[in-house]
Amino acid sequence: MTHLERCAVLFVDDDPRVLQGLRRMLHAERHHWNLQFAASGREAITCLGRDAFDAVVTDLRIPGMDGVELLNFAMEHHPTVARIVLSGEIDPAAGFKTVRCAHQFIAKPCEAKTFKTALNRAFALRRLIGSSRLKALLSRLQALPSQPALYTQVMAEIQSPNSSFRRVGELIARDVGMTAKILQLVNSAFFGLPRRIASPQEAVSLLGYDTVKGLVLGVKIFSQFDSKRMKPFGLDTLWQHSLAASQCARAISAAE
């Protein structure tokens, strides 16, 4: 595995045994990564204000300020930092709380290889973006906006007495923002599936009606966009252009 130099990682957990275990697990990376440890959310905020970090890895249950609050703080004040949950609380409800503020979910205990791969992947993605301003904007983005008409259709299908998981999945598959978030959740450690899920239709069937309904109605992860802010273009026009551009980029990448 390729090691990335000068990457700083802040680990947050109120259990000293967990922090000590992480220190031992990542001992071999000490020459490549700057590792710091905090036992509370407040201590983590102090560390974030004092030093620059590439990633913050936190448990969900920490004293004073829980992991969700800490990640929201990092997203607002340190948007370029990768935000990772490392938690033994494998609960879909916890996933709802963190899906808007966390980039990755890792279940503990985890193997060293799995953990290092996740961190290296997060660092590699950030290296691909050269502009610090663009990096900050992307990191603050909680969810891609959904097409207003499609959002309405998904809402109507979910609330219909004859709602179909297959139909909901088909509707979600037509929107990149909805697809990205539902796949992020279903492939997270909170569901612990043995394989990667790549289809929105399969994701909906695995998550179940209540979970999908909770995402849309409760968490509002598929947020409707204010079309007035897009004048004179219109979100549908921008969405179609973005989709066409991404397909062209994919084709060029494959050809090269």
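Residues numbered from 1 in each chain as written. Predicted model: local features only at pLDDT ≥ 70, side-chain atom pairs only at ≥ 80, totals over all residues. Heavy atoms only, no water.

Undergrad: Just to check I follow, could you spell out the nonpolar core for this structure?
TA: As a rule of thumb, nonpolar side chains are buried together in soluble globular proteins. Among the nonpolar cores identified, the biggest contains 43 residues, and Leu10, Val12, Val56, Leu70, Ile182 and Val212 are the most heavily contacted of them. Of all the secondary structure elements, the ones that give two or more residues to this core are strand E1 (7-12), helix H2 (41-50), helix H3 (67-77), helix H7 (148-159), helix H8 (165-173), helix H9 (176-186), helix H10 (200-207) and helix H11 (209-219). Apart from residues no more than four positions distant in its own chain, Leu70 is found in contact with Val12, Gly41, Ala44, Ile45, Leu48, Thr58, Ile62 and Met65. Ranked by size, the runner-up nonpolar core spans 20 residues in total, among them Phe11, Trp33, Ala82 and Leu119. (Core = buried A, V, L, I, M, F, W, Y, C linked by side-chain atoms within 4.5 Å. Buried < 20%, exposed > 50% of the residue type's maximum accessible area, 1.4 Å probe, protein only. Helix = DSSP H or I, 4+ residues; strand = E, 2+ residues; numbered from the N terminus. Contact = heavy atoms within 4.5 Å.)

Undergrad: Explain the pattern of salt bridges here, please?
TA: In a structure, side chains of opposite charge can pair up when their charged atoms sit close to one another. One pass over the full model with this rule turns up 4 salt bridges. Two residues, Arg166 and Glu170, come together in a salt bridge whose shortest N-O distance is 2.7 Å. Placement of the pair is Arg166 and Glu170 together in helix H8, with a separation of 4 residues, close to one helical turn. Taking the relative accessible area as the measure of exposure, Arg166 reaches 54% and is therefore exposed. (Salt bridge = Lys/Arg side-chain N within 4 Å of Asp/Glu carboxyl O.)

Undergrad: Whenever I open this one, the sheet that holds strand E2 (residues 33-38) confuses me. Can you help?
TA: Within a sheet, neighbouring strands are paired by backbone hydrogen bonds and run either parallel or antiparallel to one another. The sheet built from 5 strands is open, its strands ordered E2-E1-E3-E4-E5 with parallel pairing. Each edge of the open sheet carries a strand with a single partner, namely E2 and strand E5 (104-107). Adjacent strand axes in the sheet meet at a mean angle of 20°, parallel and antiparallel pairs treated alike. Pairing between strand E3 (residues 55-58) and strand E4 (residues 82-87): 4 bridges, direction parallel. Note on E4: the bridge partner recorded for Thr58 is Val85. (Pairing = 2+ DSSP bridges. Axes fitted to C-alpha atoms, helices over the stretch in contact; angles between N-to-C directions.)

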